[in-house]
Amino acid sequence: RISPHKMQTATPTTSPPKGKRTSALYGLPIAAASDDCASMADTTDDLQNRVLGSQRARLMSALNAVPRRLYVRSPTPVEPMERLSKYLGGPDIYVKRDDLLPLAGGGSKTRKLEYLAQAALDEGADTLVTCGAVQSNHCRLTASAAAREGLACHLILEERVKGSYKPDAGGNNYAFALLGATTEVVPAGAIPEAEARAMADLRAKGKKPYWIPGGGSNELGALGYARCAAEILAHAEEAGPFDAIVTCSGSGGTHSGLLAGLRAAGDHTPVHGISVRFDAETQAGRIYGQYAAAAQRLGLADAAKADVVVHDRFVGPGYSLPTAAMHEAITLFARLESVFLDPVYTGKGAAGLLGLVRDGTLKKGQKVLFLHTGGAPSLFHYQPPPVTGPVPAAPAVRPRASPSRVLSDEELAAVYGSD
C-alpha cells in the first residue's frame, strides 16, 4: 500500500563509515562512533567526551533503524524564561516548546505518532483507533495524523470524571469532529472492552484498523522522546548542559522515552516527572516498565529503577480536577512569558516545577529545562479563571516604562493562599 505521504517516510539507514561524522538529527552534527576511542584519548576528559560521543552516535543509529513519518523536521525551540526565573529567584529556567510541534494544535504526541503512524501504514491499516479522556490531546493529534495520511480514525473517549463529557464542548472535542474522526464515550475503566469491540466491528466491516494505546505510550511511541532527548543533548553541546529536566508524567511515553534516550546516550541528567493522575509508587512502576522496554530497544542493557523520579503531590483531588497551584502556574506562565498551558497536564506540570523551586529541590545557580508538552486547545474548554488580585509579575528583564514590582510573601499568601 502506498501512502499519500510516502516521500515523508524516514527509512532505516546504514551506519556511516567509522570516523565519519553524520547529521542524523535534522542536520545537526553528531559525533561519530569509534570502537577504539580509548586509544585516541589524550586525557581523562578527552576519553570521556569520546565515549559519550560514541554512545550518542549509537543512540542515533538505533533510532534511525526504525522507520518513522517525518512530521518533525527540525528541533523545537529552547527558550529562556527570564522573567519567571527572576520572579521565583531560583534556577535559570528554560522551556522546550514541544507545544509548537506540527499536526493540528501541536503537542508531544506528534513525536510518538511519527513511529506509530508509520507502523500502521506498514501493516496496511486504513483506520487508526485509540483512546483518551474526553478532552484528550492525544486523540486530537491521532485524528490529525489520520487526516494527514488519508486514514479514517475512531476515538474512544473515557469519561474519567463522571459528568465531564459534553457533546457540544469546545476545545479538543470540537477538533475531533473537525478532523473527521468518529467518537464513542465510555465510562471510566471500560477502555479494554470498548477497544476489543471497536476493533472487531471495524474488521467485520472489511476495515483494517490499527490500535494505538492511550497517549501513544508504548516502547515504539517512546522512541519519539528518545529522539527528543537527542535534541536536548545537541542543544546542550552548544549552550551548556542542564542540571535537571521537568516534565508531566501521564500515560508515560514522554517521561520514559526521555529517560531511555538520555541514558542510552550516556547522559545522567535527572528527569523529574510530575504525575497528573496516579500516586508516585503506581506511576513510577508504569514509567519503569516503558523505560526498560524502550532502553532495551536502544541497546541499553541496564535501566536503573532509581532513574525514575515521580512527584505526586501536585495531582490534587484527581485527574483533570483543578488545584490552586495549577491556577497559579497557568497565570504566571501567561503573564510573565506569554506561554499558554492547559489545566490537565502542563498546568500541573508547571505547578510541580514551581513547587520544586520553592522547596529547594531545584536551586539557584542551576539550569533547569521545563518540557512543554502542549495542550493549549483544551485551555479554552476548561477556562480556568485567572488568579485575581495583584498581577504576579517580576521586574522586567529589560527596562520598560512602568516596571512591575515583586509581590511580598504576605501579598502572595493573600492572592494564592497558604498553598
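Provided above is the structure to which this section pertains.
**Student:** Can you help me understand the packing of aromatic side chains in this one?
**Tutor:** Here the distance between the centres and the angle between the planes together describe a pair of aromatic rings. In this structure the tally under the stated criterion is 5 aromatic pairs. On the numbers, 5.9 Å between centres and 70 degrees between planes, the contact of Y319 with Y345 is edge-to-face. Here Y319 is found in the loop between β13 (309–311) and α11 (324–337), whereas its partner Y345 is found in the loop between α11 and α12 (346–358), with 26 residues between them in sequence. For Y319, a relative accessible area of 10% gives the class buried. Judged by its relative accessible area of 21%, Y345 is partly exposed. Ring geometry for F333 and F370: centres 5.6 Å apart, planes at 65 degrees, overall edge-to-face. Here F333, found in helix α11, pairs with F370, found in strand β14 (residues 367–372); they are 37 residues apart in sequence, far enough to count as distant. Per residue, the accessibility class of F333 equals that of F370, and both read buried.

**Student:** Mind showing me how you'd approach helix α5 (residues 137–149) here?
**Tutor:** Each α-helix turn comprises 3.6 residues. Residues three or four places apart therefore point the same way. The terminal C-alpha atoms of α5 lie 18 Å apart, and with 13 residues this matches the ideal 18 Å at 1.5 Å per residue to within 8%. Across the 13 residues of α5, 11 count as buried, placing the element largely inside the fold. What α5 keeps buried is the set N137, H138, C139, R140, L141, T142, A143, S144, A145, A146 and E149. Buried residues in α5 make contact with β4 (68–69), α4 (109–122), β7 (127–133), β8 (152–159), α6 (172–178) and α13 (376–382). For α5, the N-terminal cap is S136; the gap from its side-chain oxygen to the backbone nitrogen of H138 is 3.2 Å.

**Student:** I keep staring at the side chain of S249 and nothing clicks. Help me out?
**Tutor:** Inspection of the secondary structure assignment puts S249 in strand β11 (residues 244–249). Of the residues examined, S249 reaches a relative accessible area of 1% and is grouped as buried. A distance of 2.9 Å separates a polar atom in the side chain of S249 from a polar atom in the side chain of Q283. Every residue in contact with S249, bar those within four places of it in the chain, is listed here: H255, G273, I274, S275, V276, Q283 and I287.

**Student:** What is the right way to read unusual backbone geometry from this model?
**Tutor:** Glycine aside, the phi torsion of most residues is negative, and most peptide linkages are trans. Within the chain, S320 stands out as a residue other than glycine whose phi angle is a positive 70 degrees. Assignment of secondary structure puts S320 in the loop between β13 and α11. Notably, Q383 is not glycine yet its phi reads approximately 45 degrees, a positive angle. The topology assignment puts Q383 in the loop between α13 and α14 (409–416). For Q383, a relative accessible area of 57% translates into the label exposed.

**Student:** Got a minute to help me understand the sheet that holds strand β12 (residues 271–275) in this structure?
**Tutor:** Consider a sheet: its strands pair through backbone hydrogen bonds, and that pairing is either parallel or antiparallel. Taken in spatial order, the 6 strands make up an open sheet running β5-β6-β14-β11-β12-β13, and their pairing is mixed. Sheet topology places β5 (78–80) and β13 at the edges, where each strand pairs with a single neighbour. On average, each strand axis in the sheet is inclined to that of its neighbour by 30 degrees, with strand direction left out of account. Bridging between β12 and β13 involves 3 bridges; their strand directions are parallel. Note on β13: the bridge partner recorded for I274 is H311.

**Student:** What's the story with the pattern of salt bridges in this structure? I'm lost.
**Tutor:** Close approach of charged atoms allows side chains with opposite charge to pair. What the rule picks out here adds up to 14 salt bridges. Here D99 ties to R97 by a salt bridge, and the two come within 2.9 Å at their closest N and O atoms. The exposure class assigned to D99 is buried, which follows from its relative accessible area of 16%. Close ionic contact of R111 with E231 constitutes a salt bridge, the shortest N to O distance being 2.9 Å. Taken together, the residues span a long stretch of sequence, with R111 in helix α4 and E231 in helix α8 (residues 223–239) at a distance of 120 residues.

**Student:** Can you walk me through the packing of α8 against helix α9 (residues 253–264) in this structure?
**Tutor:** The axes of two packed helices give the description: the angle between them and the distance between them. Between α8 and α9, the least distance of the axes is 7 Å, while the angle of their chain directions is 55 degrees. Between α8 and α9, the angle falls in the class oblique. In this structure, α8 crosses over α9, and the sense of that crossing is right-handed. Along its contact with α8, which presents Y225, A226, C228, A229, I232 and L233, the element α9 presents G253, T254, G257, L258, G261 and L262. Tallied by class, residues from the contact of α8 with α9 come to 8 nonpolar, 4 polar and no charged.

**Student:** Please explain the nonpolar core as it appears in this structure.
**Tutor:** Buried together is how nonpolar side chains tend to be arranged in soluble globular proteins. Counting residues in each nonpolar core, the largest one holds 61 residues, and the members touching the most others are L63, Y210, L220, L258, Y291 and L298. For this core, the elements supplying multiple residues, two or more each, are α2 (44–64), α4, α5, β8, α8, α9, α10 (280–297) and β14. Looking at which element gives the most residues to this core, the answer is α8, with 8 residues. Residues contacting L258, with those up to four places away along its chain left out, are Y225, A226, C228, A229, I232, I245, T247 and L371. Counting 28 residues, the second-largest nonpolar core is a separate cluster that includes Y87, I330, V339 and L353.

**Student:** I'm lost on the sheet that holds β7 in this one. Help?
**Tutor:** Pairing is parallel in the open sheet, where 4 strands are placed in the order β9-β8-β7-β10. Each edge of the open sheet is held by one strand with a lone partner, namely β9 (182–187) and β10 (209–211). Averaged over all pairs of adjacent strands, the angle between strand axes in this sheet comes to 25 degrees, irrespective of strand direction. Two elements, β7 and β8, share 7 bridges in a ladder whose sense is parallel. Counted as the bridge partner of C131 is I156 from β8. With respect to the sheet, α5 is in contact with β7 and β8, its orientation differing from that of β7 by roughly 165 degrees.

Rules used in this analysis
- Residues numbered from 1 in each chain as written.
- Predicted model: local features only at pLDDT ≥ 70, side-chain atom pairs only at ≥ 80, totals over all residues.
- Heavy atoms only, no water.
- Phe/Tyr/Trp six-rings, centres within 6.5 Å; stacked < 30°, edge-to-face > 60°.
- Helix = DSSP H or I, 4+ residues; strand = E, 2+ residues; numbered from the N terminus.
- Buried < 20%, exposed > 50% of the residue type's maximum accessible area, 1.4 Å probe, protein only.
- Expected span 1.5 Å × (residues − 1).
- Contact = heavy atoms within 4.5 Å.
- Polar contact = N/O pair within 3.5 Å; in protein donor to acceptor, adjacent residues only side chain to side chain.
- Pairing = 2+ DSSP bridges.
- Axes fitted to C-alpha atoms, helices over the stretch in contact; angles between N-to-C directions.
- Salt bridge = Lys/Arg side-chain N within 4 Å of Asp/Glu carboxyl O.
- Parallel < 35°, antiparallel > 145°, perpendicular 65-115°, else oblique.
- Left-handed = near helix turned anticlockwise from the far one by under 90°.
- Nonpolar A, V, L, I, M, F, W, Y, C, P; charged D, E, K, R; others polar.
- Core = buried A, V, L, I, M, F, W, Y, C linked by side-chain atoms within 4.5 Å.

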